[in-house]
Amino acid sequence: MTDGTGRHRYCAYYCEENVWQLCDDAAVVGSARAAIVISNPWRKVGIRCQRAAPTPGEPVVWDYHVILAAHARGRWSVWDLDSTLGAPVPLSTYLRASFDYPEGFGEPLAARFRVVEAQRYRTMLCTDRRHMRNADGAYLAPPPAWPTIGEGSNLMQWVDMEASFEGDVVELAALPAALDRLLSP
């Protein structure tokens, strides 16, 4: 979905909601697509080429991040609306620039990826934005203008890379194959 100006709906620091919106965006509908939740057991994942980087070229350390992959014209591309690389970007380009693929960052910044079919993500995600509030209830970052998604919140279940929840959790080197499995009937 776009915001009425042709741009994709976007709110900084709400990547899970940005991707939820993007899953049904006209730019990707008709393609095989997957939501990809990125984190690790320490909730300290390094990602380069992010707008929020304090220094260009240095990784941002997120507790989690969510992106969309879409398959069109025989290849996977990544939609990361927080990336300085633009969107869409070929999967191989994104992984090399953002995660130093195939080696990746060492622990504790090494990424794990929860790959789930996009419509399943849209159906299952619930977030009332509680993770973005401080002890006093004030938002840590301004919330999106659109309503919350679902009732309650299961976001931290998506982020927990050690829990059996939705989708497949894979290491960096296995991500392309995990995406390709979504193409198999």
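See above for the structure.
Since we're looking at a predicted model, the values are computed, not measured.

Engineer: It is not clear to me how unusual backbone geometry should be interpreted in this structure. Could you clarify?
Structural biologist: Residues apart from glycine generally show negative phi values, whereas peptide bonds are mostly found in trans. At the junction of Tyr-101 and Pro-102, the peptide bond is cis and its omega measures out at 5 degrees in the coordinates. Tracing the backbone shows Pro-102 in the loop between helix H2 (91-99) and strand S7 (112-117). Residue Tyr-13 is not a glycine yet carries a positive backbone phi of 75 degrees. Residue class for Tyr-13 comes out partly exposed when judged on its relative accessible area of 44%. Positioned with a positive phi, Arg-129 is a non-glycine residue whose angle comes to about 70 degrees. Take Arg-129: it is sitting in the loop between helix H3 (118-124) and helix H4 (155-159).

Engineer: Teacher, can you tell me more about helix H1 (residues 15-22) here?
Structural biologist: Spacing of three or four residues puts side chains on the same side of an α-helix, whose turn is 3.6 residues. Where burial is concerned, most of H1 is hidden: eight out of the eight residues are buried. Buried within H1 we find Cys-15, Glu-16, Glu-17, Asn-18, Val-19, Trp-20, Gln-21 and Leu-22.

Engineer: How do you make sense of the sheet that holds S7 when you look at a structure like this?
Structural biologist: Paired through their backbone hydrogen bonds, the strands of a sheet run either parallel or antiparallel. Judged by pairing direction, the sheet is antiparallel, and its six strands sit side by side in the order S6-S5-S4-S1-S7-S8 without closing on themselves. The two strands at the open ends of the sheet, each matched to only one other strand, are strand S6 (89-90) and strand S8 (168-171). Across six bridges, strand S1 (residues 32-39) lies against S7 in antiparallel orientation. If you follow Val-37 over to S7, its bridge partner there is Arg-114. Strands S1, strand S4 (65-72) and strand S5 (75-79) of the sheet are contacted by H1, whose axis makes an angle of about 25 degrees with S4.

Engineer: Is there a simple way to think about H2 in this case?
Structural biologist: For H2, the complete set of buried residues consists of Leu-91, Tyr-94, Leu-95, Ser-98 and Phe-99. Viewed along the axis of H2, the buried residues span an arc of 95 degrees, placing them on a single side of the element. Directly beyond the C-terminal end of H2, a positive phi value near 55 degrees is found at Asp-100.

Engineer: For this particular structure, what's the right way to read the packing of aromatic side chains?
Structural biologist: Two numbers describe a pair of aromatic rings. These are the distance of the centres and the angle of the planes. Throughout the structure, instances matching the rule amount to five aromatic pairs. When the ring of Tyr-13 is compared with that of Trp-62, the centres are 6.1 Å apart and the planes differ by 70 degrees; the resulting orientation is edge-to-face. Note that Tyr-13 is positioned in the segment before H1 and Trp-62 in strand S3 (residues 60-62), a separation of 49 residues in sequence. Taking the relative accessible area as the measure of exposure, Trp-62 reaches 16% and is therefore buried. On the basis of an interplanar angle of 80 degrees and a centroid distance of 5.3 Å, the ring pair of Phe-99 and Phe-113 is categorised as edge-to-face. Taken together, the residues Phe-99 in helix H2 and Phe-113 in strand S7 connect sequence positions 14 residues apart.

Engineer: Hey, could you run me through empty space enclosed by the protein in this one?
Structural biologist: Over the atoms, a rolling probe the size of a water molecule traces out where space has been left empty. With the rule as written, the count across this model stands at one cavity of 30 Å³ or more. In this structure, the largest cavity is lined by Cys-15, Asn-18, Val-19, His-65, Val-66, Trp-79, Asp-80, Leu-81 and Asp-82. Elements with a minimum of two residues in the lining of the largest cavity: H1 and S4. Ranked by residue count, the leading element in the lining of the largest cavity is H1, at three residues. Residues that form the lining of the largest cavity fall into these classes: five nonpolar, two polar and two charged.

Engineer: Is there a simple way to explain the environment of His-71 in this structure?
Structural biologist: Position of His-71 among the secondary structure elements: in strand S4. Separated by 108 residues in sequence, His-71 and Leu-179 have C-alpha atoms that sit 9.0 Å apart. Sequence-distant contacts of His-71, defined by excluding residues within four places in its chain, comprise Ser-31, Ala-32, Trp-76 and Leu-183.

Cut-offs used in this document
Residues numbered from 1 in each chain as written. Predicted model: local features only at pLDDT ≥ 70, side-chain atom pairs only at ≥ 80, totals over all residues. Heavy atoms only, no water. Helix = DSSP H or I, 4+ residues; strand = E, 2+ residues; numbered from the N terminus. Buried < 20%, exposed > 50% of the residue type's maximum accessible area, 1.4 Å probe, protein only. Pairing = 2+ DSSP bridges. Contact = heavy atoms within 4.5 Å. Axes fitted to C-alpha atoms, helices over the stretch in contact; angles between N-to-C directions. Arc of directions from axis to C-beta. Phe/Tyr/Trp six-rings, centres within 6.5 Å; stacked < 30°, edge-to-face > 60°. 1 Å grid on protein atoms, 1.4 Å probe; cavity = no way out; pocket = protein on both sides within 12 Å on 5 of 7 lines; lining within 4 Å. Points joined across faces, edges and corners; volume = space filled by probe spheres on them. Nonpolar A, V, L, I, M, F, W, Y, C, P; charged D, E, K, R; others polar.

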